[in-house]
Amino acid sequence: MEIADRLAPDGRGGSAAAASSAASAAGGSISSRRLTVLSGPSGVGKSTVVAEIRRAHPEVWLSVSVTTRAPRPGEIHGVHYFFADDVEFDRLVDEGELLEWAEFAGNRYGTPRRAVLEHLAAGVPALLEIDLQGARQVRASMPDARLVFLAPPSWEELVRRLVGRGTEAPEVIERRLAAAREELAAEKEFDLTLVNTSVKGVCAELISLLAVHPSDD
Ligand SMILES: Nc1ncnc2c1ncn2[C@@H]1O[C@H](COP(=O)(O)OP(=O)(O)OP(=O)(O)O)[C@@H](O)[C@H]1O
Ligand SMILES: Nc1nc2c(ncn2[C@@H]2O[C@H](COP(=O)(O)O)[C@@H](O)[C@H]2O)c(=O)[nH]1
């Protein structure tokens, strides 16, 4: 099976017509009101928060991104990422399979479009964990999406977490910290900020946000 066939919801195969039939089911257009984007500097704890949501709230649908980055120990293809080579990633871009994509610290990352649209069309809240460039693309294409910025308690704590994770070489950490300065400067572009002092606290706030969306007004 090719990677594009695995980009449907929950890793199931899907036809190219799935997104358009999902759009029909939603009355011809898909509302992005139930789409929440979680962004923030590298090392702030986004993946940790998402892992806790996956563990404690299996009812929340989390997008699985495609990346050209090599897997870290313990990362599972189709769960943490779809790991792709450059040729596959190029093809997904060329065929319009990605809702957004960006290059970050030497690797490419993208959100499979079809799975997001199908969940939104079915009225299921969807959560994306992506970088600032991707968040900006989502803002442009889906203005009703809610953009959440995850901030560290301090710069020193961010560096401590990123270095302490022990997954990147020193030069990669430097690239990620350079990007982090830009991401922190863009906080005001987001709808709200959550400070990651406690993983469980952030999860609780995100879960209550996901349960309430503008159409409930
Ligand atoms: N609230 C917290 N308190 C202390 N440590 C934390 C907290 N949240 C996450 N961490 C730790 O910080 C490190 C970085 O977390 P994580 O990998 O989730 O960050 P990330 O934002 O997903 O980074 P990246 O964007 O590079 O993928 C991990 O070692 C994690 O255990
Ligand atoms: N624009 C996108 N950014 C993404 C996506 N998936 C993850 N990311 C972000 O990339 C960096 C690095 O992630 P890492 O796993 O290598 O540490 C981080 O900010 C992620 O949020 C995506 O689909 N699009």
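Residues numbered from 1 in each chain as written. Chains lettered and ligands numbered in written order. Predicted model: local features only at pLDDT ≥ 70, side-chain atom pairs only at ≥ 80, totals over all residues. Heavy atoms only, no water.

An unreviewed UniProt entry lists the protein chain under the name Guanylate kinase, from Actinoallomurus iriomotensis. What UniProt states about the protein chain under its Subcellular location (unreviewed entry) heading is, verbatim, "Cytoplasm". According to UniProt, the comment filed for the protein chain under the heading Function (unreviewed entry) is "Essential for recycling GMP and indirectly, cGMP." (UniProt positions renumbered as here; feature names shortened; annotations may be inferred.)

**Observations regarding the UniProt feature "binding site: ATP" (unreviewed entry) in the protein chain**
UniProt feature "binding site: ATP" (unreviewed entry): in the numbering of this structure it lies at Gly 40, Pro 41, Ser 42, Gly 43, Val 44, Gly 45, Lys 46 and Ser 47. Structurally, Ser 42 is set in the loop between strand S1 (35-39) and helix H2 (46-56). Non-local contacts of Ser 42, meaning those with residues more than four positions away in its chain, are made with Phe 104, Leu 158, Leu 162, Arg 165, Arg 176 and Glu 183. For Ser 42, the side chain forms a polar contact with the side chain of Arg 176, separated by 3.1 Å. Among the structural elements, Gly 43 can be located in the loop between S1 and H2. In this structure Gly 43 comes out as buried when scored by relative accessible area, which is 15%. Not counting residues within four places of it along the chain, the set of residues in contact with Gly 43 comprises Leu 158, Arg 161 and Leu 162. (Helix = DSSP H or I, 4+ residues; strand = E, 2+ residues; numbered from the N terminus. Contact = heavy atoms within 4.5 Å. Polar contact = N/O pair within 3.5 Å; in protein donor to acceptor, adjacent residues only side chain to side chain. Buried < 20%, exposed > 50% of the residue type's maximum accessible area, 1.4 Å probe, protein only.)

**Here's the deal with the sheet that holds strand S2 (residues 61-62)**
The strand order across the open sheet formed by five strands is S2-S7-S1-S8-S9, and the pairing between neighbours is parallel. Of all strands in the sheet, those with a lone pairing partner are S2 and strand S9 (192-195), marking the two edges. Running at roughly 155° to S1, helix H5 (residues 132-141) makes contact with S1, strand S7 (126-129) and strand S8 (146-151) of the sheet. (Pairing = 2+ DSSP bridges. Axes fitted to C-alpha atoms, helices over the stretch in contact; angles between N-to-C directions.)

**Topic: the UniProt feature "domain: Guanylate kinase-like" (unreviewed entry) in the protein chain**
Feature annotation in UniProt places "domain: Guanylate kinase-like" (unreviewed entry) on residues 33-211, given in this structure's numbering. Spanning residues 33-211, this segment combines 44% helix with 21% strand, and its end C-alpha atoms are found 12 Å apart.

**Some details on the environment of Val 172**
Its location among the elements puts Val 172 in helix H7 (residues 170-185). Using a relative accessible area of 25% as the deciding quantity, one classes Val 172 as partly exposed. Note: C-alpha distance between Val 172 and Leu 127 (45 residues apart in sequence) is 27 Å.

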